[in-house]
Amino acid sequence: MLNYLKNHPFAVEAFFESSLVFTFAVPKEELQNLIPECLELEIFQEKWAFIAVALVQTKDLRPKGFPKFMGNDFFLIGYRLFVKYTNNTGKRLRGLYILKSETDKKKMELMGNIFTHYNYTTTDITQTDNEFFKEIYSVQSKFKVIINKTENDISLPKNSPFTDWKEARRFAGPLPFTFTYNHNTKKVLIIEGVRQNWTPQPLEVIDYQFNFLKNLKLKNPILANAFIIKNVPYYWKKGKIELWK
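These remarks concern the structure in this document.

The rules we used
Residues numbered from 1 in each chain as written. Predicted model: local features only at pLDDT ≥ 70, side-chain atom pairs only at ≥ 80, totals over all residues. Heavy atoms only, no water. Helix = DSSP H or I, 4+ residues; strand = E, 2+ residues; numbered from the N terminus. 1 Å grid on protein atoms, 1.4 Å probe; cavity = no way out; pocket = protein on both sides within 12 Å on 5 of 7 lines; lining within 4 Å. Points joined across faces, edges and corners; volume = space filled by probe spheres on them. Nonpolar A, V, L, I, M, F, W, Y, C, P; charged D, E, K, R; others polar. Core = buried A, V, L, I, M, F, W, Y, C linked by side-chain atoms within 4.5 Å. Buried < 20%, exposed > 50% of the residue type's maximum accessible area, 1.4 Å probe, protein only. Contact = heavy atoms within 4.5 Å. Salt bridge = Lys/Arg side-chain N within 4 Å of Asp/Glu carboxyl O.

Notes on unusual backbone geometry
And step 1. Residue Lys186 is not a glycine yet carries a positive backbone phi of 65°.
And step 2. Along the chain, Lys186 turns up in the loop between strand E10 (177–182) and strand E11 (187–195).
And step 3. Unusually for a residue other than glycine, Lys217 sits at a positive phi of about 60°.
And step 4. Take Lys217: it is sitting in the loop between helix H5 (211–215) and strand E14 (222–236).

Below is the structure:
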C-alpha cells in the first residue's frame, strides 16, 4: 500500500506565487552516474548536461478539485536533472529527474514522502526583500541566493554556454514530465505537469551558494541561466506507470 501511495495516486494543484530557477551546466560525464538506466541526460553542444535548483513559493497546495481553504502554503526547493525518456510507444519525453527536495514545513515533508519519491526533508528558509535586492538563504542547508530586482538589461551569467536568453529558456524548467524509476521492478513513474501563464524573466544573480552541489563533488558547475516566474496556476496529473523495455 505504501508503494502505491508514493506513486502520485491523485492529481495535485497549487498556485506558484514565484519560482526562481538556477540552472548549472556540468560536463555530461559528471552527471551520468546520477540518473537511472531508463533515462538519458539532455545534452547541449555535445558536452553539457544540466542540473537545476528551483526555489518555489507555493500557495493552496492540495489534491486537485479540493477547495482552496483545504490547501497549504509551502516553500519548496528542488534539485533536479534535465533528462529525456523514450516511452513504450516510442515517443521521447523531455523532463526532470529529482535528486532531492526540501521544504520549510514538517507537514510537507511528511505528506511529500508519503505520496512521492522526491526525498523531502525540512529545512529553515529565510527571505529578505527590499526594493533593490531579494535574498533567500538556509543556515541548515547552507544555501543562499541574492538577486538584483532593479536591473532590466540583464546579461547571461559569465561563462554560460548559451548564446542568448532564448536559447537559455529551453532549460528554465519545469519541464512537462518528471520521472521516477524502480530498479527492482523496472517500472517508470511518469508525472505530467500542466501550467498556465508561464513567462520566465531573466534574473541578475549577485551571489549564490548551494551546498548540495558541493556534496555531489561536481568539479566546476557553471551558472548557465537564472529565471523567475510569477503567479502561475499549476497542477500535476495522476502518475502513470509503465514497464521499461
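A short note on the layout of surface pockets
And step 1. Each pocket or cavity is described by its volume, and for the largest pocket that value is around 770 Å³.
And step 2. Leu61, Leu76, Met108, Tyr120 and Trp236 are, among the 40 residues lining the largest pocket, the residues nearest its centre.
And step 3. Put simply, the parts of the chain that give the lining of the largest pocket at least two residues each are strand E1 (12–27), strand E3 (48–63), strand E4 (72–86), strand E5 (92–103), helix H3 (106–115), E10, E11 and E14.
And step 4. In terms of residue count, E4 provides more of the lining of the largest pocket than any other element does, six residues in total.
And step 5. Looking at the lining of the largest pocket, its residues break down into 26 nonpolar, ten polar and four charged.
And step 6. In this structure, the second largest pocket occupies an estimated 290 Å³ of space.
And step 7. Lining the second largest pocket are 17 residues, and of these Ile147, Lys149, Leu203, Ile228 and Lys230 sit closest to its centre.
And step 8. Those elements that provide at least two residues to the lining of the second largest pocket are E1, strand E7 (126–129), strand E9 (143–148), strand E12 (201–202) and E14.
And step 9. Broken down by class, the residue content of the lining of the second largest pocket amounts to six nonpolar, six polar and five charged.

What about the nonpolar core?
And step 1. By size, the foremost hydrophobic cluster in this structure holds 40 residues, and its most contacted members are Phe22, Leu55, Phe179 and Phe210.
And step 2. If one sorts the elements of this core by residue count, E4 sits on top with six residues.
And step 3. Setting aside chain neighbours within four positions, we find Leu55 in contact with Ser18, Ser19, Leu20, Phe22, Phe75, Leu76, Ile77, Ile136, Phe143 and Val145.
And step 4. Counting 38 residues, the second largest nonpolar core, distinct from the first, contains Val21, Ala52, Leu61 and Trp236.

Observations regarding the pattern of salt bridges
And step 1. This model, assessed by the stated rule, comprises eleven salt bridges.
And step 2. For Arg62, the salt bridge goes to Glu13, with nearest N and O atoms at 3.6 Å. Highlighted residues: Arg62 in strand E3 and Glu13 in strand E1, separated in sequence by 49 residues. Grouping residues by exposure puts Arg62 and Glu13 together as buried.
And step 3. Across the pair Lys106 and Glu109 runs a salt bridge, and its minimum N-O distance is 3.1 Å. With Lys106 and Glu109 both in helix H3 and three residues apart, the pair spans about one turn of that helix.
And step 4. A relative accessible area of 58% places Lys106 in the exposed class.
And step 5. Looking at Glu109, the relative accessible area reads 17%, which means it is buried.
And step 6. Within the structure, one salt-bridge network assembled from shared partners comprises Glu42, Arg94 and Arg170.

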